[in-house]
Amino acid sequence: MKIIVWNVRGLNNPLKQKEIIGRIKKIKAGLVCLLETRVKQHKMQEIVDRHFPGWGIIHDYSLAPNGRIWMLWNGNLQVDLADITDPSITCRIQIDSQPVLFSSIYGSNHGMERRRLWDHLLSLHSTIDVGAWVLAGDFNIIAHPSESSDFNGSQVITSDMREFIDCQSRISVSDHAYIGSFFTWTNNQHESFLARKLDRVLINDDWYLRFPHSRVEFLPPEISDHCLALIQLQQVSESPPKPFKFFNFWTKHTQFLNVVQQSCQRPRIWKSNENFV
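Cut-offs and rules
Residues numbered from 1 in each chain as written. Predicted model: local features only at pLDDT ≥ 70, side-chain atom pairs only at ≥ 80, totals over all residues. Heavy atoms only, no water. Pairing = 2+ DSSP bridges. Helix = DSSP H or I, 4+ residues; strand = E, 2+ residues; numbered from the N terminus. Contact = heavy atoms within 4.5 Å. Axes fitted to C-alpha atoms, helices over the stretch in contact; angles between N-to-C directions. Buried < 20%, exposed > 50% of the residue type's maximum accessible area, 1.4 Å probe, protein only. 1 Å grid on protein atoms, 1.4 Å probe; cavity = no way out; pocket = protein on both sides within 12 Å on 5 of 7 lines; lining within 4 Å. Points joined across faces, edges and corners; volume = space filled by probe spheres on them. Nonpolar A, V, L, I, M, F, W, Y, C, P; charged D, E, K, R; others polar. Core = buried A, V, L, I, M, F, W, Y, C linked by side-chain atoms within 4.5 Å. Phe/Tyr/Trp six-rings, centres within 6.5 Å; stacked < 30°, edge-to-face > 60°. Lys NZ or Arg CZ within 6 Å of the ring centre and 35° of its normal.

A. Fine view of the sheet that holds strand β5 (residues 79-85). A sheet is described by the order of its strands in space; here 6 strands give the open sequence β5-β6-β7-β8-β13-β9, paired in mixed fashion. One side of each edge strand has no neighbouring strand; the edge strands of this open sheet are β5 and β9 (174-175). Two strands pair when backbone bridges link them, and strand β8 (residues 133-138) and strand β13 (residues 199-203) are joined in this way by 5 bridges, in the antiparallel orientation. Counterpart to Gly137 in the pairing with β13 is Arg200. Contacts between helix α3 (residues 111-127) and the sheet are confined to β5, β6 (88-95), β7 (98-106) and β8, with β8 contributing the most and set at about 165° to the helix.

Spelled out as structure tokens, the structure:
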């Protein structure tokens, strides 16, 4: 299963719409969260019917007139709304007949509004049977000065950053390991370039235990100024090979040298690997 979370910075322009939808279809995701669509509600259904026929959708138009968050899923997925606020939508998703909690986040540029989001996540954590939980989206805040391209070593952690870090700690989540771009947003200005890590995928311990082989990748922004976050839930039937470990106490065994010598004298059989370069 693949999940896309992407701040598209507008979905009204037909040409931009075509590129965004084309990219989503190429990835073949089962769940898609689009942030900052800027689409009025009366135009939303036309776009969904044209590009996502048969898909379900949950949105936050009752709280945000410009459709800050769209959560779409294909007909093969069971998604139930658990909680909704202006900057977040939280759903229970059935994966392999077991529910997981998924929160799509679009944080505000203003510290006071983000503080209300942190308070809400704390309340959610204490009142809902969370289980495996993933929170993904544009948090609109960095967690450390080094997460900005203008970092020079002199900047310090601000109160806004501390509040974000404290929220993560109190709801017991941390960054999912990822590949791809470190900075997930750029202002696209050559003369005064700035890039920051505003987009994240946070998970709790139950998520890691349930999906130890899940994978996160931040793909290039392309038509947006935010990277696309791709979450993949991989089913691995066999355990990966374990690395060889050498224990120093083996050398104290009376037959250690004899065993090593006999092993070295055995003929070696090398298997070819067609993929080796």
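Having put the structure on the table, let's press on.
B. Spatial organisation of the pairing of β7. Within β7, 7 of the 9 residues are buried, leaving the element largely enclosed by the surrounding structure. Of the pairings in the sheet, the one linking β6 to β7 comprises 8 bridges and is antiparallel in character. In the sheet register, Ile89 faces β7, and the bridge partner there is Ser104. Counted along the chain from β6 to the antiparallel partner β7, the turn is 2 residues long, and its residue Asp96 has a positive phi close to 55°. Pairing between β7 and β8: 6 bridges, direction parallel. Looking at the pairing, Ile105 lines up with Gly137 of β8.

C. Expanded view of empty space enclosed by the protein. Applying the stated rule across the entire model yields 2 cavities of 30 Å³ or more. A volume near 40 Å³ is recorded for the largest cavity. Lining the largest cavity are Val5, Trp6, Asn7, Leu35, Gly137, Asp138, Asp199, Arg200, Phe218, Cys227 and Ala229. The volume enclosed by the second largest cavity comes to roughly 30 Å³. Elements represented by at least two residues in the lining of the second largest cavity include exactly α3 and α4 (159-170). Of the residues forming the lining of the second largest cavity, the biggest block, 3 residues, is contributed by α4. When grouped by side-chain class, the residues that make up the lining of the second largest cavity number 9 nonpolar, 1 polar and no charged.

D. Focus on the nonpolar core. Residues Val5, Leu31, Ile93, Phe102, Val201, Trp207 and Ile231 are the most contacted members of the largest nonpolar core, which totals 31 residues. Sorting elements by how many residues they give to this core places β6 first, with 4 residues. Residue contacts for Ile231: discarding those within four places in its chain leaves Met1, Lys2, Ile3, Phe102, Val134, Ala136, Val201, Arg215 and Val216. Judged by nonpolar contacts, the second largest core, of 24 residues, contains Trp133, Ile142, Leu194 and Leu202.

E. Quick peek at the packing of aromatic side chains. For the coordinates displayed, the defined rule picks out 6 aromatic pairs. Ring geometry for Tyr178 against Phe218: centres 5.3 Å apart, planes inclined by 85°, an arrangement best described as edge-to-face. Of this pair, Tyr178 sits in the loop between β9 and β10 (179-180) while Phe218 sits in strand β14 (residues 215-219); the two residues are 40 residues apart in sequence, bridging distant segments of the chain. Judged by relative accessible area, Tyr178 falls into the partly exposed class, the value being 27%. Accessibility expressed as a relative area gives 3% for Phe218, which makes it buried. One residue, Arg23, lies across the ring of Trp6, its end atom 5.0 Å from the ring centre. One Lys or Arg, Lys197, reaches over the ring of Tyr178 and ends 4.2 Å from the middle of that ring.

F. Highlighting the sheet that holds strand β1 (residues 2-7). Across the sheet, 7 strands lie side by side as β3-β4-β2-β1-β15-β14-β10; this open sheet has mixed pairing. Two strands lie at the open edges of the sheet, namely β3 (56-59) and β10, each paired on one side alone. Here β3 runs beside strand β4 (residues 69-73); their pairing, made up of 4 bridges, is antiparallel. The residue of β4 that forms the bridge with Ile58 is Met71. Helix-sheet contacts for helix α1 (residues 14-27) involve β1, β2 (31-35), β14 and β15 (228-232), and the interaxial angle to β1 is about 160°.

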